[in-house]
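# Chains, contacts and geometry: an overview
Residue strings, one per chain:
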Amino acid sequence: MEPPEMINAGELVLKRWEIEWAPAALDAIKDSLPELRQFLPWATDGYGLEESREYISRSSADWDAGTQFNYAIFTAVGELAGSIGLMTRMGPGVLEIGYWTATPFAGRGYMTAAVQAISRVAVTLPGIERVAIKHDEANKASGAVAVKAGFTEVARHSREVEAEGESGTTIVRELRAAGA
Ligand SMILES: CC(C)(COP(=O)(O)OP(=O)(O)OC[C@H]1O[C@@H](n2cnc3c(N)ncnc32)[C@H](O)[C@@H]1OP(=O)(O)O)[C@@H](O)C(=O)NCCC(=O)NCCS
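Rules used in this analysis
Residues numbered from 1 in each chain as written. Predicted model: local features only at pLDDT ≥ 70, side-chain atom pairs only at ≥ 80, totals over all residues. Heavy atoms only, no water. Helix = DSSP H or I, 4+ residues; strand = E, 2+ residues; numbered from the N terminus. Rg over C-alpha atoms; globule rule 2.2 N^0.38 Å. Buried < 20%, exposed > 50% of the residue type's maximum accessible area, 1.4 Å probe, protein only. Contact = heavy atoms within 4.5 Å. Areas by Shrake-Rupley, 256 points an atom, 1.4 Å probe, with all protein chains shown as cover. Lys, Arg positive; Asp, Glu negative; His and termini not counted. Charge placed at Lys NZ, Arg CZ, Asp CG, Glu CD. Near = heavy atom within 4 Å. Polar contact = N/O pair within 3.5 Å; in protein donor to acceptor, adjacent residues only side chain to side chain. Phe/Tyr/Trp six-rings, centres within 6.5 Å; stacked < 30°, edge-to-face > 60°. Lys NZ or Arg CZ within 6 Å of the ring centre and 35° of its normal. Expected span 1.5 Å × (residues − 1). Bend = angle between axes of the 7 residues up to and from the residue.

A tally of helices and strands in the protein chain yields 4 helices and 8 strands. Here the protein chain has a C-alpha radius of gyration of 15 Å; the compact-globule value for 180 residues is 16 Å, and the two agree. Expressed along its principal axes, the backbone C-alpha trace of the protein chain runs to roughly 45 × 35 × 30 Å. Here the protein chain holds 180 residues, and 48% of them are scored as buried. Residue pairs at least 24 apart in sequence account for 61% of intrachain contacts in the protein chain once pairs closer than 6 positions are excluded. Summed over its atoms, the accessible surface of the protein chain is roughly 8,800 Å², and 51% of this surface lies on carbon and sulfur atoms. Taken as two groups, the 17 positive and 25 negative side-chain charges of the protein chain have centres that lie 6 Å from each other.

Put into structure tokens, the structure is as follows:
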């Protein structure tokens, strides 16, 4: 099971992360820290080039191992607008989607388009019956993305708070493949 290294999403393109993009990723993350740190525990003032390179190297290894498939999101003119990935950590039959949008590109429908495109690809992969998005209840933007992309709530549970904007209640939303 392996998704394509490039996915078209309307005016966006999703591309498997390459190590050359580490400085651009770092710039995007640094510009977006106030928003990212609310819900992503790794987004801290200490995030630097080393962490950015490490993320991409790990993404590359995970892709080769078949455990996680992470993509950079580019605009039509090549600006790095965010990141999205498919994770196998929920177990067989399901791929979990994780994402962030760089703040200058937020609110344009980009993540909704990226989620829709990656979901379409994910449910055609062998053995995959559904895709899932988990987000904190306080993360209204992430919830809005999932709902706009057609995901419905299947569970909610408590967990330890890891980032400053979190409430501690996780909402799990899923989208099933046609006929699954
Ligand atoms: C969640 C995130 C990826 C959304 O990216 P985006 O590209 O702005 O998403 P979209 O433009 O496709 O959609 C955002 C929606 O959230 C809505 N939204 C944003 N802030 C909101 C808020 N505080 N309350 C309610 N809705 C909100 C927007 O209005 C929009 O919905 P609409 O089109 O119906 O108006 C982005 O906010 C982000 O990176 N957040 C920080 C990292 C993060 O939380 N990642 C996900 C962890 S689960």
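Bringing the site of the ligand into the picture now. Taken together, 23 residues form the shell around the ligand, and within it Gly107, Gly109, Thr112, Asn139 and Lys148 come nearest. At a separation of 2.8 Å, an oxygen atom of the ligand approaches a polar backbone atom of Thr101. At 2.7 Å from an oxygen atom of the ligand is found a side-chain nitrogen or oxygen belonging to Asn139. Computed on the free molecule, the ligand has an accessible area of 970 Å², of which 66% lies beneath the protein chains in the complex.

Evaluated as defined, the whole model comprises 7 aromatic pairs. When the centroid spacing of 6.0 Å and the interplanar angle of 90 degrees are considered together, the rings of Trp17 and Tyr55 count as edge-to-face. One end of the pair, Trp17, is in the loop between β2 (12-16) and α1 (22-39); the other, Tyr55, is in helix α2 (residues 49-65), and 38 residues separate them in sequence. Judged by relative accessible area, which is 6%, Trp17 ranks as buried. Assessed through its relative accessible area of 23%, Tyr55 is described here as partly exposed. Between Phe105 and Tyr110 the ring centres are 6.3 Å apart and the planes differ by 20 degrees, which places this aromatic pair in the stacked class. For the pair Phe105 and Tyr110, a shared accessibility class is recorded, and that class is buried. An aromatic cluster is built from Trp17, Trp21, Tyr55 and Phe74, whose rings are joined through pairwise contacts. The ring of Phe74 is capped by Lys15, whose NZ or CZ atom sits 5.5 Å from the centre of that ring.

Across its 18 residues, α1 extends only 21 Å between first and last C-alpha, which sits more than 12% below the 26 Å expected from 1.5 Å per residue. Where α1 bends most, at Leu33, the angle is about 80 degrees, and the proline Pro34 comes one to four residues later. What α1 keeps buried is the set Ala22, Ala25, Leu26, Ala28, Ile29, Ser32, Leu33 and Leu36. Packing partners of the buried residues in α1 comprise α2, β4 (80-87) and β5 (94-101).

That is the geometry; function is a separate question.
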